[in-house]
Amino acid sequence: MVYAFQTLRLASTSISGYKPQPWEIFMNLDELRKRLSKIDKDLISLIAQRQNVVAEIGEYKINTGTATRDYAREREVLEDTKQQAKALGLEPEIAEQVMTKLISASLEQQERSRVAAESSGEGQTALIIGGAGKMGGWMAEFLASQGYQIELADPVKSELSFPQIFDWSQSSLEHEIIVVAAPLKVTSDILSAIADRRPKGLIVDVGSLKTPLKDAFEVLVASGCRVTSIHPMFGPDTRLLSGRHVIFVDVGVKDATKEARSLFGSTMAELINMNLTEHDRLIAYVLGLSHALNLAFFTALAESGELVPHLNRLSSTTFDAQLEVASRVAKDNPQLYFEIQTLNRYGRAPLDALREAVGRIQALVETKDESGFISLMETGKEYLGLMSDE
């Protein structure tokens, strides 16, 4: 009653000329915050209830062999969400963003459950050489979720709780799976050394390039080893594999590649087969070109002499989006990026194309060639449209 009275008095200010006292404003704000906190707690409780139902749905899908992801159902949920938001006077975009996040969390939970339920790693072992690194750690946790007993080998102490040795050569190599997640030059030496010991388990590398490892692969195959190569096309912070790609490069042992694919069979990742040459030629654009573009972007900014606070005050949607991507690149492993740029025999062409494209843009601007500029953008629009349609 007191709250209602205060609210009425505050609302009638413009009519009666009444000026609320500071204590009245404070009590009103305090009461509103309490109500908001109660709503927030209810929201968290409802999300927890939703996840419990999601777990039941995931179990049903596993038992019935139903696919984890149902795109038609997702579209239906999002459309219903936007319609309900409109009816309640809420911005549909806000409701859609919240529901999209909840759907993603649901898929992540169901994917983890399916990987654990359908795995065949129980009682088997996996050695992760380079397990203290980010991608090595991801592979360790991914295989552990399938029931594999994990052992790490890395001269650097890992933050993960798995047993660790600091010199992989001291291992018995009697593991069912041996994953090499080291820098490319080191990986080549490790693979060649492993070939001398001829382990029986599956041998897999996760390098970003494949042609620099070609000689080592040939030595392993000649030694009778079960070796294949994979490239997870995502970062080590990835939790949901839906919409992600894992590339498999058969280096001459088809059964080994088939076994490596089976490790990801219960996930929602898209599994792609490629040969060594095709992989590195395309990676020169997918990684090499995109990395170089962002390197050039933040280098130009850093050397511009413009102060960061000034740029932040004038930032635009395009600038902010590009800055976010460039910031992630700048924080990543510089040694890895250097390898991708210098060790790929196909990497020169994208860099030449980038330099030539910047030169063309500069020439169009300097000559004030509006039609040429528009044509350039139209060509890009058409090409990018084709990419979006694929």
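All figures in this text were calculated on a predicted structure; none of them were measured in a lab.

Definitions and limits used
- Residue numbers run consecutively from 1 along every chain, following the written order of its sequence.
- In keeping with the predicted nature of the model, local features appear solely for residues at pLDDT of at least 70, side-chain atom pairs appear and are counted solely at 80 or more, and the whole-chain, interface and lining totals rest on all residues.
- With hydrogens and water stripped out, all remaining heavy atoms of the structure feed into the side-chain values.
- For every residue, the predictor assigns a confidence score, pLDDT, that lies between 0 and 100.
- When checking whether two residues touch, look at their non-hydrogen atoms; a contact exists if any pair is within 4.5 Å.
- Grid points spaced at 1 Å and placed over the protein atoms alone form the basis of the search, with a cavity being a set where a 1.4 Å probe fits but cannot get out and a pocket an open set showing protein on both sides within 12 Å along at least five of seven lines. Lining residues have an atom within 4 Å of a point.
- Grid points are joined across faces, edges and corners, and a volume is the space filled by probe spheres set on the points.
- Numbering of helices and strands runs from the N terminus, with a helix taken as a DSSP run of H or I at least four residues long and a strand as a DSSP run of E at least two residues long.
- In this classification, Asp, Glu, Lys and Arg are treated as charged, Ala, Val, Leu, Ile, Met, Phe, Trp, Tyr, Cys and Pro as nonpolar, and every other residue, Gly included, as polar.
- Relative accessibility under 20% of the residue-type maximum defines a buried residue, over 50% an exposed one, and the middle range a partly exposed one, all with a 1.4 Å probe and only protein chains included.
- Pairs of strands are assigned from DSSP output, requiring at least two bridges between the strands.
- A clockwise course of the path from the first strand over the helix to the second, judged with the strands pointing away from the viewer, identifies a crossover as right-handed.
- Expected helix span is computed as 1.5 Å times (number of residues minus one).
- Bending is quantified residue by residue as the angle between axes fitted to the seven-residue window ending at that residue and the seven-residue window starting at it.
- Any N or O atom pair separated by 3.5 Å or less is treated as a polar contact, with the protein-specific requirement of one donor-capable and one acceptor-capable atom, and with residues adjacent in sequence counted only for side-chain atom pairs.
- Only the stretch in contact is used when fitting a helix axis, every axis being a line fitted to C-alpha atoms; angles between N-to-C directions are given from 0 to 180 degrees.
- Angle categories: roughly parallel below 35 degrees, roughly antiparallel above 145, roughly perpendicular from 65 to 115, and oblique for all the rest.
- Left-handed is the label given to a crossing in which the near helix is rotated counterclockwise from the far helix by less than a right angle, and right-handed is the label when the rotation is clockwise.

Engineer: Lay out the confidence of the model for the chain with the relevant residues and their values.
Structural biologist: Mean pLDDT over the chain works out to 91, with 93% of the residues at or above the 70 mark. Predicted confidence for residues 1–15 stays below pLDDT 50, and this span has 15 contacts to residues more than four positions away or in other chains.

Engineer: An account of the layout of surface pockets is needed here, citing residue identities and associated values.
Structural biologist: Here the second largest pocket defines a volume of roughly 1,200 Å³. Where the lining of the second largest pocket is concerned, the elements lending two or more residues are α10 (276–302), α14 (348–366) and α15 (370–389). Element by element, the count of residues in the lining of the second largest pocket is highest for α15, at nine residues. The residue inventory of the lining of the second largest pocket, partitioned by class, reads 18 nonpolar, four polar and two charged.

Engineer: Got a sec to walk through empty space enclosed by the protein? Specific residues and values, please.
Structural biologist: Inspection of every chain in the model, using the stated rule, returns one cavity of 30 Å³ or more. Empty space within the largest cavity amounts to approximately 30 Å³. Looking at the largest cavity, the residues that line it are M139, V179, V204, I230, A260 and L263. Tallied by class, residues from the lining of the largest cavity come to six nonpolar, no polar and no charged.

Engineer: Break down the pairing of strand β1 (residues 125–129) for me, with residues and values.
Structural biologist: Most of β1 is tucked away: four of the five residues are buried. With five bridges joining them, β1 and strand β2 (residues 149–153) adopt parallel strand pairing. Within the sheet, the bridge partner assigned to L127 lies in β2 and is E151. After leaving β1, the chain enters helix α6 (residues 134–144) and then returns to the sheet as β2, a path that is right-handed. With four bridges joining them, β1 and strand β4 (residues 177–180) adopt parallel strand pairing. From the neighbouring strand, I129 faces β4, where its bridge partner is V180.

Engineer: Any details on α10? Residues and values, ideally.
Structural biologist: Between its first and last C-alpha, α10 extends 37 Å over 27 residues, near the 39 Å set by a 1.5 Å rise per residue. The largest bend in α10 comes to about 40°, at I283. Looking at α10, one finds that the buried residues are L276, H279, D280, I283, A284, L287, G288, H291, A292 and N294. Residue N275 occupies the N-cap position of α10, its side-chain oxygen lying 3.2 Å from the main-chain nitrogen of T277.

Engineer: Can you break down the packing of α10 against helix α13 (residues 334–342) residue by residue, with the values?
Structural biologist: As a packed pair, α10 and α13 sit with axes 9 Å apart at the nearest point and diverge in direction by 120°. In terms of orientation, α10 and α13 fall into the oblique class. Remark: the crossing between α10 and α13 carries left-handed chirality. Only Y337, I340 and Q341 of α13 make contact with α10, whose side of the interface consists of L287, G288, H291 and A292.

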